[in-house]
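A look at the structure
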Amino acid sequence: MKSGSNLEGLLERGEFVVTGELGPPRGTDVEVVKAKAAMLKGNVDAVNITDNQTAIVRMSSIATSKILIDQGLEPTMQMVARDRNRLAMMSDLFGAVALGIKNMLCLSGDHQSFGNHPEAKNVFDIDSIQMIHMVKTMRDEHKVISGDEIEGNFEMFIGAACNPFADPFHYRVHRLAKKVEAGADFIQTQCIYDMKRFREFMKQVVDMGLHEKCKILAGVTPLKSVGMARYMDTNVSGIIIPEEIIDRLRAAGKGNVAAEGIKIVCEQIQELRAMEGIAGIHLMAIEWEHKVPEIVKLAGLLPRPTL
Amino acid sequence: MITAERKPFEEIKEYVKHYERIMVLGCGTCVAVCQAGGEKEAQILASELRLAFGNEGKKVEVTEETVVRQCDDEFMADMGFLEKVKEADIIISIACGVGVQHACNYFNRVIEGKRVRVVPGLNTTFMGANIEIGHWEERCLGCGDCVLERTGGICPITRCAKGLLNGPCGGSSDGKCEISKDIECAWHLIIERLEALGELDRIKPVEMYKDWRPSHSGGPRRIVREDLRL
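Residues numbered from 1 in each chain as written. Chains lettered and ligands numbered in written order. Predicted model: local features only at pLDDT ≥ 70, side-chain atom pairs only at ≥ 80, totals over all residues.

Of the residues lining the interface, 24 residues belong to chain A; the matching set on chain B comes to 23 residues. Residues of the side of chain A that touches chain B, tallied by class, amount to nine nonpolar, ten polar and five charged. (Contact = placed C-beta atoms within 7 Å. Nonpolar A, V, L, I, M, F, W, Y, C, P; charged D, E, K, R; others polar.)

What follows is the structure, encoded as C-alpha coordinates:
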(Lines give C-alpha, C1' and ligand atoms only; values in the text may rest on other atoms or scores of the structure.)
Protein backbone atom coordinates (compact mmCIF):
# COMPACT_ATOMS: atom_id res chain seq x y z
CA MET A 1 0.00 0.00 0.00
CA LYS A 2 1.21 3.47 -0.91
CA SER A 3 -0.99 5.41 1.45
CA GLY A 4 -3.38 3.01 3.16
CA SER A 5 -6.28 5.13 1.97
CA ASN A 6 -9.78 3.78 1.47
CA LEU A 7 -9.62 4.83 -2.17
CA GLU A 8 -6.38 2.99 -2.78
CA GLY A 9 -7.58 -0.11 -0.94
CA LEU A 10 -10.83 -0.35 -2.88
CA LEU A 11 -9.09 0.18 -6.21
CA GLU A 12 -6.51 -2.45 -5.35
CA ARG A 13 -9.32 -4.89 -4.52
CA GLY A 14 -10.83 -4.19 -7.93
CA GLU A 15 -13.94 -2.44 -6.68
CA PHE A 16 -15.63 0.03 -9.05
CA VAL A 17 -15.03 3.18 -7.01
CA VAL A 18 -17.01 6.38 -6.73
CA THR A 19 -15.39 9.66 -5.78
CA GLY A 20 -17.24 12.87 -5.11
CA GLU A 21 -16.31 16.50 -5.05
CA LEU A 22 -16.76 19.27 -2.53
CA GLY A 23 -16.05 22.93 -3.16
CA PRO A 24 -15.00 24.72 0.05
CA PRO A 25 -16.91 27.86 1.07
CA ARG A 26 -15.84 31.34 0.07
CA GLY A 27 -15.07 32.09 3.67
CA THR A 28 -14.81 30.45 7.05
CA ASP A 29 -18.17 28.76 7.45
CA VAL A 30 -17.41 25.25 8.66
CA GLU A 31 -21.11 24.40 8.70
CA VAL A 32 -21.23 24.66 4.90
CA VAL A 33 -18.53 22.02 4.68
CA LYS A 34 -20.23 19.79 7.24
CA ALA A 35 -23.58 20.03 5.46
CA LYS A 36 -22.08 19.08 2.11
CA ALA A 37 -20.04 16.31 3.73
CA ALA A 38 -23.18 14.84 5.30
CA MET A 39 -24.77 14.50 1.85
CA LEU A 40 -21.73 12.68 0.50
CA LYS A 41 -21.05 10.40 3.48
CA GLY A 42 -21.66 6.75 2.70
CA ASN A 43 -22.34 7.57 -0.95
CA VAL A 44 -18.78 8.00 -2.20
CA ASP A 45 -15.43 6.41 -1.37
CA ALA A 46 -13.40 9.63 -1.25
CA VAL A 47 -14.14 13.30 -1.79
CA ASN A 48 -12.04 15.71 -3.84
CA ILE A 49 -11.56 19.01 -2.05
CA THR A 50 -10.95 21.67 -4.64
CA ASP A 51 -8.11 24.17 -4.31
CA ASN A 52 -9.32 27.69 -5.09
CA GLN A 53 -11.26 26.28 -8.02
CA THR A 54 -11.70 28.57 -11.03
CA ALA A 55 -9.20 30.81 -9.27
CA ILE A 56 -11.76 32.04 -6.75
CA VAL A 57 -10.42 32.33 -3.24
CA ARG A 58 -11.96 29.80 -0.87
CA MET A 59 -11.22 27.98 2.37
CA SER A 60 -7.96 26.09 1.85
CA SER A 61 -8.08 22.58 0.52
CA ILE A 62 -5.90 21.30 3.36
CA ALA A 63 -8.11 22.75 6.12
CA THR A 64 -11.32 21.60 4.44
CA SER A 65 -9.81 18.13 4.02
CA LYS A 66 -9.12 17.98 7.75
CA ILE A 67 -12.73 18.97 8.52
CA LEU A 68 -13.85 16.09 6.28
CA ILE A 69 -11.62 13.63 8.10
CA ASP A 70 -13.20 14.77 11.37
CA GLN A 71 -16.62 14.11 9.83
CA GLY A 72 -15.59 10.54 9.00
CA LEU A 73 -15.03 11.00 5.25
CA GLU A 74 -11.89 10.48 3.24
CA PRO A 75 -10.64 13.55 1.37
CA THR A 76 -8.56 13.81 -1.78
CA MET A 77 -6.77 17.09 -1.37
CA GLN A 78 -6.41 18.97 -4.64
CA MET A 79 -3.33 21.13 -5.14
CA VAL A 80 -2.77 23.58 -7.98
CA ALA A 81 0.56 24.76 -9.33
CA ARG A 82 -0.83 28.26 -9.82
CA ASP A 83 -0.68 29.38 -6.19
CA ARG A 84 2.38 27.76 -4.64
CA ASN A 85 6.06 27.34 -5.36
CA ARG A 86 7.84 24.06 -4.62
CA LEU A 87 8.64 25.08 -1.03
CA ALA A 88 5.01 25.86 -0.21
CA MET A 89 3.82 22.67 -1.92
CA MET A 90 6.15 20.38 0.00
CA SER A 91 5.50 22.18 3.26
CA ASP A 92 1.73 21.84 2.77
CA LEU A 93 2.20 18.18 1.88
CA PHE A 94 4.04 17.55 5.14
CA GLY A 95 1.15 19.23 6.91
CA ALA A 96 -1.39 17.23 4.93
CA VAL A 97 0.23 13.92 5.86
CA ALA A 98 0.46 15.01 9.49
CA LEU A 99 -3.27 15.77 9.45
CA GLY A 100 -4.12 12.33 8.06
CA ILE A 101 -4.70 13.22 4.41
CA LYS A 102 -3.90 10.19 2.25
CA ASN A 103 -4.97 11.09 -1.28
CA MET A 104 -4.08 14.09 -3.36
CA LEU A 105 -4.67 15.38 -6.87
CA CYS A 106 -1.97 17.32 -8.73
CA LEU A 107 -3.28 20.05 -11.03
CA SER A 108 -2.01 23.01 -13.03
CA GLY A 109 -4.98 25.12 -11.95
CA ASP A 110 -7.23 27.44 -13.93
CA HIS A 111 -5.53 30.67 -14.92
CA GLN A 112 -6.14 33.45 -12.40
CA SER A 113 -7.82 35.55 -15.07
CA PHE A 114 -10.95 33.38 -14.60
CA GLY A 115 -11.29 34.12 -10.91
CA ASN A 116 -11.98 36.93 -8.49
CA HIS A 117 -8.37 38.13 -8.29
CA PRO A 118 -7.32 38.49 -11.92
CA GLU A 119 -4.70 41.03 -10.79
CA ALA A 120 -2.79 38.29 -8.96
CA LYS A 121 0.66 37.07 -9.92
CA ASN A 122 0.69 33.35 -10.60
CA VAL A 123 3.45 31.01 -9.53
CA PHE A 124 3.83 27.93 -11.79
CA ASP A 125 7.28 27.24 -10.35
CA ILE A 126 6.65 23.60 -11.26
CA ASP A 127 3.85 22.18 -13.40
CA SER A 128 1.33 19.46 -12.58
CA ILE A 129 3.45 16.66 -14.06
CA GLN A 130 6.51 17.77 -12.12
CA MET A 131 4.28 17.97 -9.04
CA ILE A 132 3.35 14.30 -9.48
CA HIS A 133 7.04 13.45 -9.72
CA MET A 134 7.78 15.53 -6.64
CA VAL A 135 5.17 13.74 -4.51
CA LYS A 136 6.32 10.35 -5.75
CA THR A 137 9.91 11.24 -4.86
CA MET A 138 8.78 12.33 -1.41
CA ARG A 139 6.90 9.07 -0.90
CA ASP A 140 9.15 6.50 -2.57
CA GLU A 141 12.58 8.01 -1.91
CA HIS A 142 11.60 9.80 1.25
CA LYS A 143 13.30 12.93 0.00
CA VAL A 144 12.35 16.47 -0.92
CA ILE A 145 13.33 17.78 -4.37
CA SER A 146 16.72 18.96 -3.11
CA GLY A 147 17.53 15.42 -1.99
CA ASP A 148 17.23 16.15 1.73
CA GLU A 149 15.70 13.36 3.77
CA ILE A 150 12.16 13.74 5.05
CA GLU A 151 11.72 13.31 8.80
CA GLY A 152 8.84 10.99 9.61
CA ASN A 153 6.48 8.99 7.43
CA PHE A 154 5.31 10.20 4.06
CA GLU A 155 2.53 8.24 2.43
CA MET A 156 0.27 9.51 -0.30
CA PHE A 157 -1.96 8.12 -3.05
CA ILE A 158 -1.14 10.34 -6.00
CA GLY A 159 -3.81 11.48 -8.40
CA ALA A 160 -3.81 13.58 -11.53
CA ALA A 161 -6.33 14.96 -13.94
CA CYS A 162 -6.81 14.26 -17.61
CA ASN A 163 -8.91 16.10 -20.14
CA PRO A 164 -9.56 13.93 -23.20
CA PHE A 165 -11.64 16.75 -24.69
CA ALA A 166 -8.89 19.34 -24.89
CA ASP A 167 -6.72 19.72 -27.96
CA PRO A 168 -4.70 18.51 -29.71
CA PHE A 169 -6.77 15.35 -29.23
CA HIS A 170 -4.21 12.89 -30.59
CA TYR A 171 -1.58 14.13 -28.11
CA ARG A 172 -3.82 13.77 -25.03
CA VAL A 173 -3.01 10.12 -24.47
CA HIS A 174 0.70 10.94 -24.57
CA ARG A 175 0.26 13.59 -21.91
CA LEU A 176 -1.59 11.02 -19.82
CA ALA A 177 1.35 8.66 -20.37
CA LYS A 178 3.68 11.37 -19.03
CA LYS A 179 1.56 11.65 -15.90
CA VAL A 180 1.72 7.89 -15.44
CA GLU A 181 5.47 7.92 -16.00
CA ALA A 182 5.84 10.75 -13.48
CA GLY A 183 4.09 8.59 -10.88
CA ALA A 184 0.32 9.06 -10.95
CA ASP A 185 -1.49 6.24 -9.14
CA PHE A 186 -4.94 7.33 -10.30
CA ILE A 187 -6.45 9.67 -12.83
CA GLN A 188 -9.72 11.56 -12.75
CA THR A 189 -10.96 12.83 -16.08
CA GLN A 190 -12.74 16.02 -17.02
CA CYS A 191 -16.56 15.69 -17.24
CA ILE A 192 -17.48 13.34 -20.06
CA TYR A 193 -20.46 14.07 -22.30
CA ASP A 194 -19.02 13.23 -25.71
CA MET A 195 -18.96 9.47 -25.26
CA LYS A 196 -17.77 8.80 -28.81
CA ARG A 197 -14.63 10.84 -28.32
CA PHE A 198 -14.08 9.34 -24.88
CA ARG A 199 -14.33 5.80 -26.28
CA GLU A 200 -11.76 6.69 -28.90
CA PHE A 201 -9.51 8.09 -26.19
CA MET A 202 -9.90 5.02 -23.96
CA LYS A 203 -9.02 2.76 -26.85
CA GLN A 204 -5.69 4.58 -27.13
CA VAL A 205 -5.24 4.33 -23.35
CA VAL A 206 -5.89 0.59 -23.36
CA ASP A 207 -3.69 0.03 -26.43
CA MET A 208 -0.83 1.69 -24.58
CA GLY A 209 -1.61 -0.31 -21.43
CA LEU A 210 -1.87 2.83 -19.31
CA HIS A 211 -4.95 1.49 -17.49
CA GLU A 212 -2.79 -1.29 -16.09
CA LYS A 213 -0.28 1.12 -14.61
CA CYS A 214 -2.75 3.59 -13.20
CA LYS A 215 -6.43 3.56 -12.19
CA ILE A 216 -8.67 5.67 -14.37
CA LEU A 217 -11.80 7.26 -12.93
CA ALA A 218 -14.20 8.72 -15.46
CA GLY A 219 -15.53 12.18 -14.63
CA VAL A 220 -19.27 12.86 -14.79
CA THR A 221 -21.38 15.88 -13.92
CA PRO A 222 -25.18 15.85 -13.92
CA LEU A 223 -26.72 18.72 -15.89
CA LYS A 224 -29.32 20.70 -13.98
CA SER A 225 -30.68 22.77 -16.81
CA VAL A 226 -30.41 23.58 -20.50
CA GLY A 227 -28.79 26.88 -19.52
CA MET A 228 -26.09 25.09 -17.50
CA ALA A 229 -25.39 22.75 -20.40
CA ARG A 230 -25.09 25.64 -22.84
CA TYR A 231 -22.92 27.60 -20.42
CA MET A 232 -20.53 24.71 -19.82
CA ASP A 233 -20.30 23.88 -23.50
CA THR A 234 -19.43 27.46 -24.41
CA ASN A 235 -17.55 28.80 -21.41
CA VAL A 236 -15.83 25.98 -19.56
CA SER A 237 -12.55 25.17 -21.18
CA GLY A 238 -12.24 21.61 -22.39
CA ILE A 239 -15.90 20.62 -22.10
CA ILE A 240 -17.88 19.48 -25.10
CA ILE A 241 -21.60 18.78 -24.70
CA PRO A 242 -23.12 17.10 -27.75
CA GLU A 243 -26.27 18.68 -29.13
CA GLU A 244 -28.26 15.47 -28.57
CA ILE A 245 -27.79 15.78 -24.81
CA ILE A 246 -28.98 19.39 -24.86
CA ASP A 247 -31.95 18.30 -27.03
CA ARG A 248 -32.87 15.61 -24.51
CA LEU A 249 -32.86 18.11 -21.66
CA ARG A 250 -34.97 20.54 -23.65
CA ALA A 251 -37.44 17.83 -24.67
CA ALA A 252 -37.96 16.86 -21.01
CA GLY A 253 -39.95 20.06 -20.59
CA LYS A 254 -40.36 22.48 -17.73
CA GLY A 255 -40.04 20.95 -14.28
CA ASN A 256 -38.52 17.73 -15.60
CA VAL A 257 -35.11 18.91 -16.82
CA ALA A 258 -33.22 18.15 -13.61
CA ALA A 259 -34.70 14.64 -13.47
CA GLU A 260 -33.71 14.10 -17.08
CA GLY A 261 -30.18 15.35 -16.24
CA ILE A 262 -29.96 12.73 -13.50
CA LYS A 263 -31.28 10.04 -15.85
CA ILE A 264 -28.63 10.98 -18.40
CA VAL A 265 -25.81 10.85 -15.85
CA CYS A 266 -26.97 7.42 -14.65
CA GLU A 267 -26.91 6.13 -18.22
CA GLN A 268 -23.43 7.60 -18.68
CA ILE A 269 -22.26 5.86 -15.50
CA GLN A 270 -23.56 2.51 -16.79
CA GLU A 271 -21.85 3.01 -20.11
CA LEU A 272 -18.57 4.00 -18.46
CA ARG A 273 -18.74 1.10 -16.03
CA ALA A 274 -18.82 -1.30 -18.95
CA MET A 275 -15.88 0.37 -20.69
CA GLU A 276 -12.51 -1.35 -20.64
CA GLY A 277 -9.95 0.43 -18.50
CA ILE A 278 -12.37 2.39 -16.32
CA ALA A 279 -11.87 1.71 -12.60
CA GLY A 280 -14.54 4.00 -11.25
CA ILE A 281 -16.30 7.30 -11.62
CA HIS A 282 -15.62 10.76 -10.32
CA LEU A 283 -18.99 12.39 -9.71
CA MET A 284 -18.79 16.15 -9.73
CA ALA A 285 -22.24 17.38 -8.69
CA ILE A 286 -21.37 21.05 -8.66
CA GLU A 287 -23.46 22.82 -5.99
CA TRP A 288 -25.81 19.86 -6.28
CA GLU A 289 -24.31 17.69 -3.57
CA HIS A 290 -27.77 16.88 -2.16
CA LYS A 291 -28.53 14.96 -5.36
CA VAL A 292 -25.53 12.65 -4.93
CA PRO A 293 -27.35 10.05 -2.77
CA GLU A 294 -30.12 9.81 -5.39
CA ILE A 295 -27.68 9.56 -8.31
CA VAL A 296 -25.50 6.84 -6.80
CA LYS A 297 -28.61 4.91 -5.76
CA LEU A 298 -30.21 5.13 -9.20
CA ALA A 299 -26.88 4.21 -10.82
CA GLY A 300 -26.80 1.02 -8.72
CA LEU A 301 -23.65 2.03 -6.88
CA LEU A 302 -24.99 1.54 -3.35
CA PRO A 303 -24.09 0.34 -0.82
CA ARG A 304 -20.47 1.47 -1.05
CA PRO A 305 -18.02 -1.33 -0.29
CA THR A 306 -15.84 -1.16 2.81
CA LEU A 307 -12.38 -2.49 3.42
CA MET B 1 13.51 43.80 -29.32
CA ILE B 2 12.07 45.57 -26.30
CA THR B 3 8.57 46.85 -26.91
CA ALA B 4 6.72 49.56 -25.03
CA GLU B 5 3.53 51.57 -25.13
CA ARG B 6 3.08 55.18 -24.23
CA LYS B 7 1.48 55.90 -20.88
CA PRO B 8 -1.89 57.67 -20.94
CA PHE B 9 -1.34 61.37 -21.61
CA GLU B 10 -3.11 62.46 -18.42
CA GLU B 11 -0.77 60.34 -16.33
CA ILE B 12 2.32 61.88 -17.93
CA LYS B 13 0.86 65.37 -17.58
CA GLU B 14 0.22 64.72 -13.89
CA TYR B 15 3.90 63.79 -13.39
CA VAL B 16 5.16 67.10 -14.74
CA LYS B 17 2.43 69.60 -13.87
CA HIS B 18 4.49 71.34 -11.18
CA TYR B 19 7.44 72.07 -13.48
CA GLU B 20 8.08 74.78 -16.02
CA ARG B 21 11.00 73.50 -18.04
CA ILE B 22 10.19 70.02 -19.30
CA MET B 23 12.34 67.91 -21.60
CA VAL B 24 10.93 64.95 -23.52
CA LEU B 25 13.78 62.55 -24.15
CA GLY B 26 13.34 60.00 -26.92
CA CYS B 27 15.40 56.87 -27.51
CA GLY B 28 16.41 55.94 -31.03
CA THR B 29 16.66 52.16 -30.78
CA CYS B 30 14.07 49.54 -29.70
CA VAL B 31 11.25 51.91 -28.74
CA ALA B 32 11.80 53.93 -31.92
CA VAL B 33 11.32 50.78 -33.99
CA CYS B 34 8.07 49.96 -32.20
CA GLN B 35 7.07 53.61 -32.60
CA ALA B 36 6.53 54.34 -28.94
CA GLY B 37 9.53 56.42 -27.90
CA GLY B 38 11.61 57.55 -30.86
CA GLU B 39 12.25 61.03 -32.26
CA LYS B 40 8.82 61.33 -33.85
CA GLU B 41 7.02 60.27 -30.67
CA ALA B 42 9.12 62.70 -28.62
CA GLN B 43 7.97 65.51 -30.90
CA ILE B 44 4.34 64.42 -30.62
CA LEU B 45 4.39 64.20 -26.82
CA ALA B 46 6.13 67.56 -26.52
CA SER B 47 3.51 69.17 -28.77
CA GLU B 48 0.66 67.62 -26.80
CA LEU B 49 2.10 68.95 -23.55
CA ARG B 50 2.58 72.45 -24.98
CA LEU B 51 -0.98 72.44 -26.23
CA ALA B 52 -2.51 71.08 -23.02
CA PHE B 53 -0.65 73.41 -20.67
CA GLY B 54 -1.15 76.29 -23.11
CA ASN B 55 -4.91 75.74 -23.05
CA GLU B 56 -4.78 75.97 -19.26
CA GLY B 57 -2.86 79.23 -19.48
CA LYS B 58 0.16 77.63 -17.85
CA LYS B 59 3.51 78.89 -18.99
CA VAL B 60 5.82 75.98 -19.71
CA GLU B 61 8.81 75.39 -21.90
CA VAL B 62 8.83 71.93 -23.42
CA THR B 63 11.91 70.83 -25.32
CA GLU B 64 12.57 67.55 -27.05
CA GLU B 65 15.74 65.59 -27.62
CA THR B 66 16.48 62.07 -28.81
CA VAL B 67 19.62 60.02 -28.24
CA VAL B 68 20.50 56.77 -30.02
CA ARG B 69 20.37 54.68 -26.85
CA GLN B 70 19.56 55.81 -23.33
CA CYS B 71 20.89 52.54 -21.93
CA ASP B 72 24.48 53.34 -22.82
CA ASP B 73 26.68 56.18 -21.49
CA GLU B 74 28.39 56.49 -24.83
CA PHE B 75 25.35 57.94 -26.54
CA MET B 76 24.61 60.58 -23.93
CA ALA B 77 28.10 61.97 -23.35
CA ASP B 78 27.62 65.03 -25.49
CA MET B 79 28.34 68.31 -23.73
CA GLY B 80 25.79 70.31 -25.69
CA PHE B 81 23.10 67.75 -24.86
CA LEU B 82 24.05 67.63 -21.20
CA GLU B 83 23.78 71.43 -20.97
CA LYS B 84 20.17 71.16 -22.16
CA VAL B 85 19.48 68.40 -19.64
CA LYS B 86 20.88 70.65 -16.94
CA GLU B 87 18.45 73.40 -17.85
CA ALA B 88 15.36 71.19 -17.55
CA ASP B 89 13.38 70.90 -14.30
CA ILE B 90 12.19 67.45 -15.24
CA ILE B 91 12.86 64.94 -17.99
CA ILE B 92 10.24 62.60 -19.40
CA SER B 93 12.20 59.66 -20.73
CA ILE B 94 10.30 57.76 -23.38
CA ALA B 95 12.85 54.96 -23.46
CA CYS B 96 12.13 51.52 -22.01
CA GLY B 97 12.52 51.06 -18.26
CA VAL B 98 16.19 50.32 -18.77
CA GLY B 99 16.73 53.60 -20.55
CA VAL B 100 14.77 55.59 -17.95
CA GLN B 101 16.88 54.20 -15.13
CA HIS B 102 20.16 54.45 -16.96
CA ALA B 103 19.56 58.02 -18.14
CA CYS B 104 18.59 59.04 -14.59
CA ASN B 105 21.67 57.37 -13.16
CA TYR B 106 23.93 58.83 -15.83
CA PHE B 107 22.70 62.42 -15.54
CA ASN B 108 23.03 62.37 -11.75
CA ARG B 109 26.52 60.92 -12.07
CA VAL B 110 27.92 63.38 -14.57
CA ILE B 111 26.03 66.60 -13.95
CA GLU B 112 27.43 68.30 -10.90
CA GLY B 113 25.53 70.57 -8.57
CA LYS B 114 22.05 69.56 -9.72
CA ARG B 115 19.70 66.70 -9.00
CA VAL B 116 18.08 65.60 -12.23
CA ARG B 117 14.50 64.30 -12.15
CA VAL B 118 13.63 61.64 -14.73
CA VAL B 119 10.14 60.14 -15.03
CA PRO B 120 8.90 57.47 -17.45
CA GLY B 121 6.63 58.26 -20.37
CA LEU B 122 6.21 54.65 -21.48
CA ASN B 123 5.15 51.35 -20.01
CA THR B 124 7.76 48.82 -21.02
CA THR B 125 5.94 45.69 -22.04
CA PHE B 126 8.02 42.80 -23.33
CA MET B 127 10.78 41.35 -25.45
CA GLY B 128 8.97 40.52 -28.63
CA ALA B 129 8.81 40.26 -32.36
CA ASN B 130 7.15 42.42 -34.96
CA ILE B 131 4.49 40.09 -36.37
CA GLU B 132 3.07 42.53 -38.90
CA ILE B 133 2.75 46.30 -39.14
CA GLY B 134 1.47 47.57 -35.81
CA HIS B 135 1.44 44.12 -34.17
CA TRP B 136 4.06 42.83 -31.74
CA GLU B 137 4.04 39.69 -29.62
CA GLU B 138 6.03 38.56 -26.63
CA ARG B 139 8.56 35.85 -27.38
CA CYS B 140 11.15 35.72 -24.58
CA LEU B 141 11.11 36.18 -20.82
CA GLY B 142 14.88 36.04 -20.45
CA CYS B 143 14.79 33.01 -18.14
CA GLY B 144 18.53 32.59 -18.51
CA ASP B 145 18.45 28.92 -19.57
CA CYS B 146 16.98 28.57 -23.04
CA VAL B 147 14.81 25.52 -23.75
CA LEU B 148 14.03 26.28 -27.41
CA GLU B 149 16.23 23.46 -28.69
CA ARG B 150 13.81 20.88 -27.33
CA THR B 151 10.53 22.69 -27.91
CA GLY B 152 10.68 23.16 -31.65
CA GLY B 153 11.82 26.76 -31.38
CA ILE B 154 8.66 27.88 -29.53
CA CYS B 155 9.07 29.07 -25.95
CA PRO B 156 6.56 27.54 -23.52
CA ILE B 157 7.82 29.62 -20.62
CA THR B 158 6.89 32.81 -22.43
CA ARG B 159 4.06 31.77 -24.69
CA CYS B 160 2.10 29.41 -22.42
CA ALA B 161 0.03 31.50 -19.99
CA LYS B 162 1.06 29.06 -17.25
CA GLY B 163 4.66 28.63 -18.40
CA LEU B 164 4.18 24.87 -18.41
CA LEU B 165 7.14 22.70 -19.33
CA ASN B 166 4.95 19.63 -19.85
CA GLY B 167 1.94 21.04 -21.66
CA PRO B 168 -0.61 21.49 -23.03
CA CYS B 169 -2.94 21.89 -20.07
CA GLY B 170 -6.59 20.84 -20.21
CA GLY B 171 -7.65 24.30 -21.31
CA SER B 172 -6.21 24.10 -24.82
CA SER B 173 -9.02 24.25 -27.36
CA ASP B 174 -8.83 24.46 -31.17
CA GLY B 175 -5.26 25.64 -30.89
CA LYS B 176 -6.17 28.50 -28.57
CA CYS B 177 -5.27 29.23 -24.97
CA GLU B 178 -7.95 29.01 -22.26
CA ILE B 179 -7.42 32.64 -21.32
CA SER B 180 -8.24 34.13 -24.73
CA LYS B 181 -9.27 33.12 -28.21
CA ASP B 182 -6.71 35.66 -29.43
CA ILE B 183 -3.82 33.76 -27.89
CA GLU B 184 -2.44 30.66 -29.53
CA CYS B 185 -1.77 27.66 -27.29
CA ALA B 186 2.02 27.48 -27.22
CA TRP B 187 1.96 23.74 -26.64
CA HIS B 188 -0.36 23.20 -29.58
CA LEU B 189 2.18 25.05 -31.70
CA ILE B 190 5.06 23.06 -30.23
CA ILE B 191 3.33 19.74 -30.96
CA GLU B 192 2.51 20.76 -34.54
CA ARG B 193 6.07 21.97 -35.14
CA LEU B 194 7.68 18.85 -33.68
CA GLU B 195 5.33 16.61 -35.66
CA ALA B 196 6.29 18.44 -38.84
CA LEU B 197 9.93 17.85 -37.96
CA GLY B 198 9.22 14.21 -37.11
CA GLU B 199 10.48 14.84 -33.58
CA LEU B 200 7.38 14.52 -31.40
CA ASP B 201 9.13 11.88 -29.31
CA ARG B 202 11.37 14.60 -27.94
CA ILE B 203 8.64 15.89 -25.61
CA LYS B 204 7.44 12.47 -24.50
CA PRO B 205 9.83 12.14 -21.54
CA VAL B 206 8.91 14.23 -18.49
CA GLU B 207 10.67 17.59 -18.54
CA MET B 208 12.03 17.97 -15.03
CA TYR B 209 11.86 20.91 -12.64
CA LYS B 210 13.36 24.07 -14.00
CA ASP B 211 16.23 25.71 -12.18
CA TRP B 212 15.01 29.30 -11.92
CA ARG B 213 18.30 30.64 -10.55
CA PRO B 214 19.46 31.99 -13.92
CA SER B 215 16.12 33.84 -14.18
CA HIS B 216 15.06 36.91 -12.23
CA SER B 217 14.12 34.58 -9.36
CA GLY B 218 17.85 34.34 -8.63
CA GLY B 219 17.94 38.09 -8.00
CA PRO B 220 18.91 40.96 -10.31
CA ARG B 221 21.26 39.61 -12.92
CA ARG B 222 24.56 40.83 -14.30
CA ILE B 223 26.98 39.76 -16.99
CA VAL B 224 30.66 40.53 -16.56
CA ARG B 225 32.81 39.62 -19.57
CA GLU B 226 36.44 39.79 -18.57
CA ASP B 227 37.45 39.36 -22.20
CA LEU B 228 35.70 42.58 -23.11
CA ARG B 229 36.74 44.72 -20.17
CA LEU B 230 39.37 47.38 -20.64
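Following the structure, the description resumes.
In this section: the sheet that holds strand E2 (residues 21–27) of chain B. Residues and elements named next belong to chain B. One open sheet holds the four strands; their spatial order is E3-E2-E4-E5, and the pairing between them is parallel. The two strands at the open ends of the sheet, each matched to only one other strand, are strand E3 (61–67) and strand E5 (118–120). Within the sheet, the average angular offset between the axes of one strand and its neighbour, ignoring direction, is 25°. As defined by bridge partners, strand E4 (residues 90–93) adjoins E5 across three bridges and the pair is classed as parallel. Bridge assignment links Ile92 to a residue of E5, and that residue is Val119. Across the sheet, helix H5 (residues 97–110) touches E2, E4 and E5, and the angle it forms with E5 is around 175°. (Pairing = 2+ DSSP bridges. Helix = DSSP H or I, 4+ residues; strand = E, 2+ residues; numbered from the N terminus. Axes fitted to C-alpha atoms, helices over the stretch in contact; angles between N-to-C directions.)

Before going further, it helps to examine helix H7 (residues 195–207) of chain A. Every α-helical turn comprises 3.6 residues, leaving residues that sit three or four positions apart pointing alike. Residue and element names in this part refer to chain A. Helix length check: H7 (13 residues) gives 18 Å between terminal C-alpha atoms against 18 Å at 1.5 Å per residue, within 8%. Of all the positions in H7, only Phe198, Phe201, Met202 and Val205 are classed as buried. The buried residues of H7 occupy one face: seen down the axis, they fall within an arc of 100°. In H7, the exposed positions that point more than 90 degrees away from the buried face belong to Lys196 and Asp207. (Expected span 1.5 Å × (residues − 1). Buried ≥ 20, exposed ≤ 12 C-beta atoms within 10 Å, placed from the backbone. Arc of directions from axis to C-beta.)

Attention shifts here to the nonpolar core. Of all hydrophobic cores here, the largest spans 102 residues; its most connected members are Met104, Cys106 and Val135 of chain A. One finds Ile2, Ala4, Ala103 and Phe107 of chain B within the second-largest nonpolar core, a separate group that totals 35 residues. (Core = buried A, V, L, I, M, F, W, Y, C linked by C-beta atoms within 7 Å.)

Residues and elements named next belong to chain A. Spatially, eight strands are ordered E1-E2-E3-E4-E5-E6-E7-E8 in a closed barrel, and the strand pairing comes out parallel. Averaged over all pairs of adjacent strands, the angle between their axes in this sheet comes to 30°, without regard to strand direction. For strand E1 (residues 17–22) and strand E2 (residues 46–49), the ladder comprises four bridges, and the chain directions are parallel. Along E2, the bridge assignment pairs Leu22 with Ile49. The strands that helix H3 (residues 61–70) touches are E2 and strand E3 (75–80); relative to E3, the one it contacts most, it runs at about 180°.

Turning our eyes to something else, we now look at the domain arrangement of chain B. The domain architecture assigned to chain B consists of domain 1 (2–126) and domain 2 (141–218). Placing the centre of domain 1 of chain B and that of domain 2 of chain B at their C-alpha centroids yields a distance of 38 Å. (Domains from an automatic or database assignment.)

With that settled, consider the environment of Gln43 of chain B. Residue and element names in this part refer to chain B. For Gln43, the position within the fold is in helix H3 (residues 39–55). The class of Gln43 is partly exposed, set by 14 C-beta atoms lying within 10 Å. Residues Gln43 and Leu25, 18 residues apart in the sequence, show an inter-C-alpha distance of 9.4 Å.

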